[in-house]
Amino acid sequence: MSIDQQISDYYGKLQMRNAGEPEFHQALAEVLDSLKIVLNKDPHYADYGLIERLCEPERQLVFRVPWVDDNGQIQVNRGFRVQFNSALGPYKGGLRFHPSVNLGIIKFLGFEQIFKNSLTGLPIGGAKGGSDFDPKGKSDAEIMRFCQSFMTELHTHIGEYRDVPAGDIGVGAREIGYLFGQYRRLENSHESGVITGKGLKWGGSLVRTEATGYGLVYLASEMMQTHGETFEGSKVIVSGSGNVAIYAAEKVQQLGGVVVAMSDSSGYVTTPNGVDIELLKDVKEVRRGRISTYAAEAGEGVEYHRDGNVWEVQADVALPCATQNELDGDDAKLLVDNGVRYVAEGANMPCTPAAAHYFQQKGIAFAPGKAANAGGVATSALEMQQNASRDSWSFEYTDQRLHEIMSNIFKTVDSTAKEYDMEGDYVAGANIAGFKKVADAMLAQGVI
């Protein structure tokens, strides 16, 4: 039986075993497609059930999270932690609090995290977790009670040498504080390396807030330089207006680019002269407002488009930073027709398979999220290093380390694609490079 047929048959079995989990199926399909060429060239990677073990989480935790709202009513949510692979080090991956969260989404995110963490070159495995709890509209007291209940169940399964969660959508500094406080109380220990994204006054790292957005732009810049261009004078669309989008926009403009559009779930704004980053931070981070509020206060030239499509704006570079599958095949055609030449994923899998394939078909330089948005987890690992040594690094030094890591990720992805005669295919390069490091560790450690 050919490798292609073996992979196809195995993917069919995975779909049956993980029924009703389309995001997980999508992530599996992308990676398995890239691995066909690896298995043809290096067939030993098919030994010892390696692929089967890689696609099956080491541990899946699903638990009840009861909490009391401000009216004294009992509410019940569902919590998740999928500890996917620890061959390279302790599990590492964020927690997402959002109504859309289910086991399939957490598995997709955890699976992606394996390869993303591998690409950083740091000794961390892959995991993800979260809950279908929605922080929006909740009081601080309600969020605190929820986080305390969530951590009461999770705390026995994590630790600085076991599993180190961080933030993700819906889990910012406030939630991390409540989670860490409950962990410290339950364990009677200030094990600061057990969770990352902490406040700067109690074990956090400088640059962690900016890391995913900055890292995205650092990698995109490396990709553009390979093709003889830079951000200087480039027009850039950044979807979303959360943490990743804000700091991607900030770094783009620091490098001389102009962010011409940003969005949130209600619509988008066009900003032909660039974004007022300080006003955007005030609206989104301090006041927790909408992008429409930014448009109303930003002044002349800025327009708000309710329920519009941010991808219809003309630009040179697109940075999707909102959520999974936000950019489909029709959007990809629109972007290409409007002159976009570079796309780098700031969110996890924001481009549908149809969009990603269209970009590659049209020769658009396309950097997948597992490489492009690895800056957040990379800086989380740097926070772990600082916690372990009871040290605190300067912003400049930490930012330099982040820049070096993202530069090395792109070089690894680029060189791996070339090694397998797929030059310019950064999706294949990322999947193969991330896979081989984990696979070599798994083979060395035996069947476990």
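All residue numbers here refer to positions counted from 1 along the written sequence of the relevant chain. Selection of residues for local features in this predicted model requires a pLDDT of at least 70, selection of side-chain atom pairs for listing and counting requires 80 or more, and totals for whole chains, interfaces and linings are taken over all residues. Only heavy atoms go into the side-chain values, all of them from the structure, while hydrogens and water stay out.

### A short note on the nonpolar core
Inside soluble globular proteins, nonpolar side chains tend to come together where they are buried. The following threshold applies: What is meant by a nonpolar core is a set of buried Ala, Val, Leu, Ile, Met, Phe, Trp, Tyr and Cys residues, joined one to another through side-chain atoms within 4.5 Å. Per-residue accessibility, obtained with a 1.4 Å probe over protein chains only, is compared with the maximum for each type, and a residue is labelled buried under 20%, exposed over 50%, and partly exposed between these values. Only DSSP runs of H or I covering at least 4 residues are called helices, and only runs of E covering at least 2 are called strands; the numbering of each starts at the N terminus. Residue contacts are defined here by distance: any two heavy atoms, one from each residue, within 4.5 Å place the two residues in contact.
Core analysis: the biggest nonpolar cluster contains 61 residues, and Met262, Leu319 and Ile409 have the highest contact counts within it. When residues of this core are assigned to their parent elements, the largest contribution, 9 residues, is made by helix 7 (residues 211-226). Those residues in contact with leucine 319 that lie beyond four places of it in its chain are Leu216, Val217, Val236, Ile237, Val238, Ser239, Ala248, Val252, Trp311 and Ala344. Counting residues in each nonpolar core, the second largest holds 40 residues, with Tyr10, Leu14, Leu54 and Phe80 among its members.

### A look at the packing of helix 2 (residues 22-41) against helix 4 (residues 103-120)
Our working rule: For helices, the fitted line uses only the C-alpha atoms of the stretch in contact; every axis is such a line through C-alpha atoms, and the angle between N-to-C directions lies from 0 to 180 degrees. Working definition: roughly parallel below 35 degrees, roughly antiparallel above 145 degrees, roughly perpendicular at 65 to 115 degrees, and oblique for all remaining angles. Each residue receives one of three labels: charged for Asp, Glu, Lys and Arg, nonpolar for Ala, Val, Leu, Ile, Met, Phe, Trp, Tyr, Cys and Pro, and polar for the others, Gly being one of them.
Closest axis-to-axis distance for the helix 2/helix 4 pair is 7 Å, and the angle between their directions is 25 degrees. Put simply, helix 2 runs roughly parallel to helix 4. Facing Glu23, Phe24, Ala27, Leu28, Glu30 and Val31 of helix 2, the residues of helix 4 in contact are Gly104, Ile105, Lys107, Phe108, Phe111, Glu112 and Phe115. Each residue belonging to the contact of helix 2 with helix 4 can be placed in one class, and the counts come to 8 nonpolar, 1 polar and 4 charged.

### So, the UniProt feature "active site" (unreviewed entry) in the chain
Where we set the bar: UniProt positions are given in the numbering used here, feature names are shortened, and annotations may be inferred rather than shown by experiment.
The sites that UniProt annotates as "active site" (unreviewed entry) are Lys128. You can call lysine 128 buried: its relative accessible area is 4%. For lysine 128, the residues in contact, after removing those within four places along its chain, are Arg81, Val82, Gly93, Gly94, Ile106, Leu109, Gly110, Gln113, Asp168 and Asn348.

### Details of the environment of methionine 406
With respect to the helices and strands, the residue methionine 406 is situated in helix 15 (residues 395-419). Relative accessible area serves as the criterion here: at 0%, methionine 406 is assigned to the buried category. Each C-alpha atom, one on methionine 406 and one on aspartate 331, is 27 Å from the other, the two residues being 75 residues apart in sequence. Beyond its immediate sequence surroundings of up to four residues, methionine 406 is in contact with Gly215, Tyr218, Leu219, Ala371, Ala372, Ala374 and Gly375.

### Regarding the sheet that holds strand 6 (residues 235-239)
Rules: For two strands to be treated as a pair, DSSP must find at least two bridges joining them.
As summarised here, the arrangement of the 7 strands in space is 9-8-7-6-10-11-12, forming an open sheet in which the pairing is mixed. Two strands in the sheet have a free side with no partner beyond their single neighbour: strand 9 (303-306) and strand 12 (365-367). Looking at each pair of strands side by side, their axes are set apart by 15 degrees on average, direction ignored. Helix-sheet contacts for helix 7 involve strand 10 (317-320), strand 11 (342-344) and strand 12, and the interaxial angle to strand 11 is about 150 degrees.

### Considerations on the pairing of strand 3 (residues 91-97)
Selection criterion: By the criterion used throughout, a crossover qualifies as right-handed when its path from the first strand across the helix to the second strand runs clockwise, the strands pointing away from the viewer.
Of all 7 residues making up strand 3, 7 are buried, and the element is well covered by its neighbours. Sheet topology places strand 3 next to strand 4 (residues 125-131); 5 bridges connect them, and they run parallel. Within strand 4, the residue paired with tyrosine 91 across the bridge is glycine 125. For the segment spanning strand 3, helix 4 and strand 4, crossover handedness is right-handed. Sheet analysis places strand 3 next to strand 5 (residues 163-166), joined by 4 bridges and oriented parallel.

### Digging into the environment of isoleucine 124
Along the polypeptide, isoleucine 124 turns up in the loop between helix 4 and strand 4. Taking the C-alpha atoms as reference points, isoleucine 124 and isoleucine 106, 18 residues apart in sequence, are found 18 Å from one another. Filtering out sequence-adjacent residues up to four positions away, isoleucine 124 remains in contact with Leu88, Gly89, Pro90, Lys92, Asn117, Val377, Ala381 and Met384.

### With respect to the UniProt feature "binding site: substrate" (unreviewed entry) in the chain
Here, the residues flagged by UniProt with the feature "binding site: substrate" (unreviewed entry) are Lys92, Gln113, Lys116, Gly167 and Ser380. Relative to the elements of secondary structure, glutamine 113 occurs in helix 4. With a relative accessible area of 4%, glutamine 113 lands in the buried category. What glutamine 113 contacts, discounting residues up to four positions off in sequence, is Lys92, Gly93, Gly126, Ala127, Lys128 and Val377. Residue placement: glycine 167 occurs in the loop between strand 5 and helix 6 (173-187). For glycine 167, a relative accessible area of 21% puts it in the partly exposed group.

### Structural notes on the packing of aromatic side chains
So the rule is basically this: Note on aromatic pairs: the rings of Phe, Tyr and Trp (six-membered ring only in Trp) are paired at centre separations within 6.5 Å, and the planes decide the class, stacked below 30 degrees, edge-to-face beyond 60, tilted for the rest.
Within this structure, the stated rule accounts for 19 aromatic pairs. Ring geometry for tryptophan 67 against phenylalanine 146: centres 6.3 Å apart, planes inclined by 85 degrees, an arrangement best described as edge-to-face. Of this pair, tryptophan 67 sits in strand 1 (residues 59-68) while phenylalanine 146 sits in helix 5 (residues 140-154), and the two are 79 residues apart along the sequence. Each member of the pair tryptophan 67 and phenylalanine 146 is classed as buried. On the numbers, 5.6 Å between centres and 55 degrees between planes, the contact of phenylalanine 84 with phenylalanine 111 is tilted. Taken together, the residues span a long stretch of sequence, with phenylalanine 84 in strand 2 (residues 74-85) and phenylalanine 111 in helix 4 at a distance of 27 residues.

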